[in-house]
Structures are given as structure tokens and as C-alpha cells.
Amino acid sequence: MTWRWRYENANGNEVTDRPLPREVFPSQADAESWLGENYRELLEAGVEQVALLEEDRVEYAGMSLRAE
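Here the structure is a predicted model, which is why all the values come from computation and not from measurement.

A. Here's a closer look at the nonpolar core. Formed by 15 residues in total, the largest nonpolar core has its most connected members in Trp 5, Tyr 7 and Leu 42. Only strand E1 (3-8), helix H1 (28-44) and strand E2 (49-54) provide two or more residues apiece to this core. At 5 residues, H1 tops the list of elements feeding residues into this core.

Following this line, the structure appears as C-alpha cells:
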């Protein structure tokens, strides 16, 4: 199984109109660690929230990259 992030705008729509990292991870923990190291750059690129996918299954969605 592989894990990946889907990048979303504030409305929950996928951001596809700009070049963003398209990393694939062997585990959920690896994906979450990567996000913890890279979320600031994603925010600067216009990503507001993310969804974590295992293959095509959504593990969780709508996770804001901003500190609440």
C-alpha cells in the first residue's frame, strides 16, 4: 500500500493548478512526518488543507495547515 497527500484549498477543492510535491510514502507515519517538515512551504504555495489517502481510500480529510 502507498500513502499520499491530496492538497486542497480552503473550500476543500483539490489544488491542481500549480506544481506541488507529489510524494508517495510506504506508511502513514512516513507521510505524516513529511507533512510536519513541509507544511510551511505548502502554505506558501497556496495549500490550506490536506487529505491523507491510502491508495484511493481517504484516511482523513480537511486537515488545516494553519495553527488554529
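Next comes the rest of the write-up.
B. Fine view of the pattern of salt bridges. By the definition in use, this model includes 5 salt bridges. Of the charged contacts in the structure, one is a salt bridge between Arg 18 and Asp 17, with a shortest N-O distance of 3.0 Å. For Arg 18, a relative accessible area of 29% gives the class partly exposed. A residue is classified by how much of its surface remains accessible, and Asp 17, at 61% relative accessible area, is exposed. Among the salt bridges present, the one from Glu 48 reaches Arg 66, with a minimum N-O distance of 2.8 Å. Note that Glu 48 is positioned in the loop between H1 and E2 and Arg 66 in the segment after strand E3 (57-64), a separation of 18 residues in sequence. We classify Glu 48 as partly exposed; its relative accessible area is 22%.

C. The arrangement of the sheet that holds E2 in detail. Taking strand neighbours across the sheet as the criterion, the 3 strands line up as E1-E2-E3 in an open arrangement whose pairing is antiparallel. A strand with exactly one partner marks an edge of an open sheet, and here the two such strands are E1 and E3. The mean angle between the axes of side-by-side strands here comes to 20 degrees, regardless of whether they run parallel or antiparallel. Judged from the 6 bridges that link them, E1 and E2 form a sheet pairing that is antiparallel. Bridge pairing links Arg 4 to Leu 53 in E2. Sitting on the sheet, H1 touches E1, E2 and E3, and the angle it makes with E1 is about 30 degrees.

Reading guide: rules and limits
Residues numbered from 1 in each chain as written. Predicted model: local features only at pLDDT ≥ 70, side-chain atom pairs only at ≥ 80, totals over all residues. Heavy atoms only, no water. Core = buried A, V, L, I, M, F, W, Y, C linked by side-chain atoms within 4.5 Å. Buried < 20%, exposed > 50% of the residue type's maximum accessible area, 1.4 Å probe, protein only. Helix = DSSP H or I, 4+ residues; strand = E, 2+ residues; numbered from the N terminus. Salt bridge = Lys/Arg side-chain N within 4 Å of Asp/Glu carboxyl O. Pairing = 2+ DSSP bridges. Axes fitted to C-alpha atoms, helices over the stretch in contact; angles between N-to-C directions. Contact = heavy atoms within 4.5 Å.

Don't take any of this as a statement about function, it's just geometry.
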